[in-house]
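Structure at a glance
Here's the letter readout for the chains.
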Amino acid sequence: MTLPDEVWQTLDRDAGRLSRRAFRLLLASLAVVALAAGTVVVGWRTLTDPLTPDGSYSASATLSPMRFDVTFGVRNDGRVPITIEGVGREGEALTLLDAWAEPKTVQPGEVTTLHVEYAVADCRDYVRGDWPLPVRIHRPWGVQTVYVVPDSMPNPDAPTDYSFTGDHDPYELPWQESYVRRTCAPHP
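This section reports on the structure supplied with the text.

Calculation criteria
Residues numbered from 1 in each chain as written. Predicted model: local features only at pLDDT ≥ 70, side-chain atom pairs only at ≥ 80, totals over all residues. Heavy atoms only, no water. Buried < 20%, exposed > 50% of the residue type's maximum accessible area, 1.4 Å probe, protein only. Helix = DSSP H or I, 4+ residues; strand = E, 2+ residues; numbered from the N terminus. Contact = heavy atoms within 4.5 Å. Pairing = 2+ DSSP bridges. Axes fitted to C-alpha atoms, helices over the stretch in contact; angles between N-to-C directions. Salt bridge = Lys/Arg side-chain N within 4 Å of Asp/Glu carboxyl O.

1. Here's the deal with helix α3 (residues 175-183)
- Counted residue by residue, α3 has 7 buried out of 9 residues, so it is predominantly covered.
- Those residues of α3 that sit buried are W175, Q176, E177, S178, Y179, V180 and T183.
- Contacts from the buried residues of α3 go to β1 (51-62), β2 (67-76), β4 (94-102), β6 (111-120) and β7 (133-139).

2. Notes on the sheet that holds β2
- Strand order in the open sheet made by the 4 strands is β1-β2-β6-β4, with antiparallel pairing throughout. Where the open sheet ends on each side, the last strands, each with one partner, are β1 and β4. Direction aside, neighbouring strands of the sheet carry axes that sit 15° apart on average.
- As paired strands, β2 and β6 are joined by 9 bridges and run antiparallel to one another. Bridging from a neighbouring strand, R67 pairs with A119 of β6.
- In the packing of α3 onto the sheet, contacts are made with β1, β2, β4 and β6, and the angle to β2 comes to roughly 155°.

3. A word on the sheet that holds strand β8 (residues 142-148)
- Taken together, 4 strands build an open sheet; the order of strands is β5-β3-β7-β8 and the sheet is antiparallel. Of all the strands in the sheet, just β5 (105-106) and β8 have a single pairing partner and so form its edges.
- With 4 bridges joining them, strand β3 (residues 82-87) and β7 adopt antiparallel strand pairing. Note on β7: the bridge partner recorded for T83 is H138.

4. A word on the pattern of salt bridges
- Evaluated as defined, the whole model comprises 2 salt bridges.
- Of the charged contacts in the structure, one is a salt bridge between E117 and R67, with a shortest N-O distance of 4.0 Å. Of the two residues, E117 sits in strand β6 while R67 sits in strand β2, which places them 50 residues apart along the sequence.
- The class for R67 is partly exposed, based on a relative accessible area of 33%.
- Of the charged contacts in the structure, one is a salt bridge between R75 and D77, with a shortest N-O distance of 3.5 Å.

Note that every value here comes from positions in space, so none of it alone points to a role or purpose.
Put into structure tokens, the structure is as follows:
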């Protein structure tokens, strides 16, 4: 069935079309939403992960009892002061013995020192792979957990003299594996 030309001519061409005012309001609303989304993304990246390792660290491992400790610096790369409320976690065959931060309140751009000490219960069954260290921080809008990765010691099985190209050391292990392997070196 087809409609005659007279019916088509009586139809309103502007039916369903936005008025100029409504169209401008829609464009302005979309611009505000895009600007707000951009601000949230940039702000979120700046404010969510404010702690980055500064490259300084010291570590030790003892064979009896089987323990290791790591002390390393992190910088507050955020835009607001943070207060560190807790550091560390336990894992398979790793018992957290001690953990602290000094100073606890860190201004933007300043460095704080984090320390963790672990006992190794089993030299064969421990956490392997990526295992970032949780740090609970308090900021003006509440408490949040961020994750940092301490520097690792060289793999104890690495040759004494080697070179590599690229950004990744082929003998590099995740931080906790390198310390557990050093602690357990003489143990099976």
